[in-house]
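Listed below are the residues making up each chain.
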Amino acid sequence: FEPITVGIAIGAASALTGYLSYKDLYCRFAECCRSERPLNASALKQDLEEKLFGQHLATEVILKALTGFKNNKNPKKPLTLSLHGWAGTGKNFVSQIVAENLHPKGLKSNFVHLFVSTLHFPHEQHIKLYQDQLQRWIRGNVSACAGSVFIFDEMDKLHPGVIDAIKPFLDYYEQIDGVSYRKAIFIFLSNAGGDLITKTALDFWRAGRKREDIQLKDLEAVLSVGVFNNKHSGLWHSGLIDRNLIDYFIPFLPLEYRHVKMCVRAEMKARGSAIDEDIVTQVAEEMTFFPKDEKIYSDKGCKTVQSRLDFY
Ligand SMILES: Nc1ncnc2c1ncn2[C@@H]1O[C@H](COP(=O)(O)OP(=O)(O)OP(=O)(O)O)[C@@H](O)[C@H]1O
């Protein structure tokens with residue numbers, strides 16, 4: 001090698017390392033988007049397995065969906081997940097885990113956006129305004145960070161007109177007005193289909209079969225009748241389903257007494273207190289369970305565990 005070439009190579013390398021370390025340093029203090037950063041699939045798996053109780057199907061599908069999407073350098077459309085299930089079964093909780101694994105600041109990240117239908121889009125007469133605002137918001141944020149995450153809670157209460165406003169972004173377009181939405185992630189949460197998921201879980205229980213033996217295919221047919229063909233479920237009206245814009249339907253099973261106990265223990269641990277099994281039992285027993293005769297599933301899932309624990 002001649003000295004000049006080597007010199008240029010070293011110069012280029014140091015300039016590059018200088019740039020990289022400057023960027024690293026910058027990102028240590030300010031939040032950087034880093035859409036290209038690979039997903040740490042084992043960290044996500046560990047988070048889901050350790051923190052999310054009683055949801056073997058959701059754990060499996062979410063892991064598969066996210067690793068597949070993030071490993072794909074050239075996705076043809078944004079990833080759209082639709083989470084269904086009874087109240088307090090972990091839909092918001094899982095969205096938070098997913099958000100944290102994509103952007104370390106989780107729900108506090110500038111690249112993660114949570115919308116709650118009854119809070120952000122409450123008035124039917126303002127639909128036009130919501131549509132414009134939402135489209136501008138999504139466009140602005142995806143332009144700033146291709147890997148932005150948008151979470152829509154209470155999807156079953158969202159006016160179909162508002163869903164219509166996001167529909168173009170979920171489709172297979174390469175670009176819309178110069179912006180590509182293909183690396184973004186949309187997560188929809190709803191209670192639609194919760195009763196049918198519960199019914200399937202109950203049928204398994206009554207037949208003496210294990211909850212963990214419930215497979216996705218056992219629920220797909222049920223969900224397709226209950227959610228896809230149910231004209232009151234919001235999702236149907238929106239045409240999101242007929243146009244195949246939802247990549248994964250993710251069922252959340254109703255939580256049992258033992259899962260509620262696990263939630264109490266997790267909450268005690270999070271508060272830094274020692275785990276007192278007497279209190280765990282007392283809190284779990286204060287919850288109400290259904291159906292009336294068998295009393296298997298908590299009607300609020302783990303939702304009120306935190307506030308109940310405050311009494312002890
Ligand atoms: N499966 C679960 N595993 C561990 N913790 C859970 C689970 N489900 C619920 N929790 C706990 O209960 C809290 C409330 O649950 P979450 O908000 O996720 O319910 P949800 O399914 O979104 O309910 P809703 O449909 O009413 O919005 C969570 O913050 C979490 O602490």
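Just so we're clear, the structure is a prediction, and the values are computed from it rather than from any experiment.

Rules used in this analysis
Residues numbered from 1 in each chain as written. Predicted model: local features only at pLDDT ≥ 70, side-chain atom pairs only at ≥ 80, totals over all residues. Heavy atoms only, no water. Core = buried A, V, L, I, M, F, W, Y, C linked by side-chain atoms within 4.5 Å. Buried < 20%, exposed > 50% of the residue type's maximum accessible area, 1.4 Å probe, protein only. Helix = DSSP H or I, 4+ residues; strand = E, 2+ residues; numbered from the N terminus. Disulfide = S-S within 2.5 Å.

Caption draft 1: Representation of the nonpolar core in the model. If you look at the biggest cluster of nonpolar residues, it comprises 27 residues, and the most contacted ones within it are L48, I62, L66, L83, I185, I187 and I250. Contributing elements (two or more residues each) for this core: helix 2 (41-51), helix 3 (56-71), strand 1 (79-85), helix 4 (91-102), strand 3 (149-153), strand 4 (185-190) and strand 5 (248-252). When residues in this core are grouped by element, the largest group, seven residues, is from helix 3. Y130, M155, I163 and L245 belong to the second-largest nonpolar core, a separate cluster that totals 24 residues.

Caption draft 2: Examining the state of the cysteines more closely. Evaluation of the coordinates by the stated rule reveals two disulfides. The disulfide partner of C33 is C145, and the gap between their sulfur atoms is 2.1 Å. Taking the sign of the S-S torsion, about 75° here, the bridge from C33 to C145 comes out right-handed. Of the two residues, C33 sits in the loop between helix 1 (3-29) and helix 2 while C145 sits in the loop between helix 6 (127-144) and strand 3, which places them 112 residues apart along the sequence. Owing to a relative accessible area of 19%, C33 belongs among the buried residues under this scheme. Residue C145 is classed as buried on the basis of its relative accessible area, which comes to 1%. Residue pairing for C263: its cysteine sulfur links by disulfide to C302, the two sulfurs lying 2.0 Å apart.

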